[in-house]
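# Per-entry structural report
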Amino acid sequence: MMEDLHKQLTPSGYQLYEHQKVGVRFMLSNELSRNTGGILADDMGLGKTLQSLSTTLANPGHTLMVVPTCVLSQWEEAALQLIGHKFIVMIHQQFLRML
């Protein structure tokens, strides 16, 4: 599965580092087992966006990503570059509350 993923990433100019491959394998193993679900949380700059989108690319239709609104446009841009329009559904809802 990881070799297929590598072939899909190469034309877009992306390449996973070893720690990112470990993260993608972990997320895929959770998605493909009874332990559905998981959280990828690490330090900033280690490639969570690429790892999460790579997981979606490797296992389409089975990944839910929730991101803060402040990075929504960054995620949208990365998703469009990496996987095109195939798997992207973005919902942004903002609630107003009176103080």
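Residues numbered from 1 in each chain as written. Predicted model: local features only at pLDDT ≥ 70, side-chain atom pairs only at ≥ 80, totals over all residues. Heavy atoms only, no water.

## Overview of the overall build of the protein chain
The helix and strand tally for the protein chain stands at four helices and zero strands. Traced from its N-terminal end to its C-terminal end, the protein chain shows the element sequence α-α-α-α. Sequence-distant contacts in the protein chain: of pairs separated by 6 or more residues, those separated by 24 or more amount to 62%. Looking at the protein chain as shown, the accessible area adds up to about 7,600 Å², and 56% of this sits on carbon and sulfur atoms. (Helix = DSSP H or I, 4+ residues; strand = E, 2+ residues; numbered from the N terminus. Contact = heavy atoms within 4.5 Å. Areas by Shrake-Rupley, 256 points an atom, 1.4 Å probe, with all protein chains shown as cover.)

## Section: the layout of surface pockets
One number sums up the size of the largest pocket: a volume of about 710 Å³. What lines the largest pocket is a set of 25 residues, and nearest its centre among them are L40, K48, S52, V66 and W75. The set of elements that each furnish at least two residues to the lining of the largest pocket consists of α2 (18-31), α3 (48-58) and α4 (72-83). Looking at the lining of the largest pocket element by element, the count peaks at five residues for α3. Broken down by class, the residue content of the lining of the largest pocket amounts to twelve nonpolar, eleven polar and two charged. (1 Å grid on protein atoms, 1.4 Å probe; cavity = no way out; pocket = protein on both sides within 12 Å on 5 of 7 lines; lining within 4 Å. Points joined across faces, edges and corners; volume = space filled by probe spheres on them. Nonpolar A, V, L, I, M, F, W, Y, C, P; charged D, E, K, R; others polar.)

## Quick notes on the nonpolar core
The nonpolar side chains of a soluble globular protein tend to be buried, and buried together. In terms of nonpolar packing, the biggest core is built from 14 residues, with L5, L9, L16, V24, L53, L57 and L82 touching the most fellow members. Among the elements of the structure, α1 (2-9), α2, α3 and α4 are those that each provide at least two residues to this core. Examining the composition of this core, we find that five residues originate from one element, α4, more than from any other. Setting aside residues no more than four positions away along its own chain, L9 makes contact with Y14, L16, S54, L57 and L82. (Core = buried A, V, L, I, M, F, W, Y, C linked by side-chain atoms within 4.5 Å. Buried < 20%, exposed > 50% of the residue type's maximum accessible area, 1.4 Å probe, protein only.)

## Concerning the pattern of salt bridges
If you walk through the whole model with that rule in mind, you get one salt bridge. Among the salt bridges present, the one from K48 reaches D42, with a minimum N-O distance of 2.9 Å. K48 sits in the partly exposed class, given a relative accessible area of 24%. (Salt bridge = Lys/Arg side-chain N within 4 Å of Asp/Glu carboxyl O.)

## Overview of α2
Over its 14 residues, α2 runs 20 Å from end to end, which matches the ideal 20 Å to within 8%, given 1.5 Å per residue. The set of residues buried in α2 consists of Q20, G23, V24, M27, L28, N30 and E31. For α2, the angular spread of buried residues about the axis comes to 160 degrees, placing them on one side. (Expected span 1.5 Å × (residues − 1). Arc of directions from axis to C-beta.)

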